[in-house]
Amino acid sequence: MLLAIDIGNTTIGFAVIHKAGNIVSTAIMDTDAKVGKIKAVLAKILKAHAVSRAIICSVVPKASKTLEDMLKKTMPVGIIGRDIIVPIKNRYKNPKQVGQDRLVGAFGAMKIYGCPLIVVDLGTAITFDVISSRGEYLGGAIVPGIRLSAESLFLKTALLPHIEIQAPKHIIGKTTQESILSGLFYGYGSLCKGMIDSLSSQLSFPRKMSFPRKRKSINVVMTGGHTHLMKKFVSPKICIIDEDLVFKGIYFLSNL
């Protein structure tokens, strides 16, 4: 069994993956959780499953070091970006600026769904990643995520309330909370649809494609913590929902 760990700015995701690629168990916790809680979650996972190695994909160096130190006493631990390099042509001007989670998600989507494609990740930030028909990571776009925007409204205004993130029932809000939720979900839905259209217009279909999945359309894959809440506000621009995309990317990397 492989323990895949996805460390984001807000949450840490754990997935136990069978050697055949099946995800048999998942768990999630806050990234800023205390060490004791992290140890307890790991202990529960390791007691329930015969994990033989772990791979960490992280955008929070301090958290990845904490988890690596806990795990390396009992199993081999690989860090993506340090021990494992994502085998994708990175067209960023400075390739080191791209978060490893973005590259892993792009690699996983390319392996499963073919290319060209766009990956939309609804995390602390909403990222748009573009992969060409030749399997090259071209770059993308970043905007503040839903929760981050809601927290900013609460912290930076005198009268706007702290709200629970949930899908609005109507586009026209009748209370301040409803109005904020409408702005977040319908607003971000429109943003995502517009970005998908704009990014798609930059992709082409050459006569000879490097990957076997030849298509005349561009797949759009959505992943991340707010995927199921947001999907109806972005549809029909989304082709595929895959909340386990980064875990699947880690699994593919573990077999290289």
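Residues numbered from 1 in each chain as written. Predicted model: local features only at pLDDT ≥ 70, side-chain atom pairs only at ≥ 80, totals over all residues. Heavy atoms only, no water.

## Topic: the overall build of the protein chain
- Scanning the protein chain for helices and strands turns up 7 helices and 11 strands.
- For 256 residues, the compact-globule formula gives about 18 Å, and the C-alpha radius of gyration of the protein chain, at 19 Å, lands near that figure.
- With respect to the principal axes defined by its C-alpha atoms, the protein chain has extents near 55 × 55 × 35 Å.
- Buried residues in the protein chain amount to 47% of all 256 residues.
- Carbon and sulfur atoms form 54% of the exposed surface of the protein chain, whose accessible area is close to 13500 Å². (Helix = DSSP H or I, 4+ residues; strand = E, 2+ residues; numbered from the N terminus. Rg over C-alpha atoms; globule rule 2.2 N^0.38 Å. Buried < 20%, exposed > 50% of the residue type's maximum accessible area, 1.4 Å probe, protein only. Areas by Shrake-Rupley, 256 points an atom, 1.4 Å probe, with all protein chains shown as cover.)

## Focus: the sheet that holds strand 10 (residues 219-223)
- The mixed open sheet is built from 6 strands, whose spatial order is 6-9-8-7-10-11. The open sheet has two free edges, formed respectively by strand 6 (89-90) and strand 11 (240-241), since each of these has just one partner strand.
- When strand 8 (residues 125-131) meets strand 9 (residues 136-144), the two strands line up antiparallel, connected through 7 bridges. Within strand 9, the residue paired with Ile126 across the bridge is Val143.
- Lying over the sheet, helix 3 (residues 100-113) contacts strand 6, strand 7 (117-122), strand 8, strand 9, strand 10 and strand 11, oriented at roughly 125° with respect to strand 9. (Pairing = 2+ DSSP bridges. Contact = heavy atoms within 4.5 Å. Axes fitted to C-alpha atoms, helices over the stretch in contact; angles between N-to-C directions.)

This is a description of form; function is not addressed.
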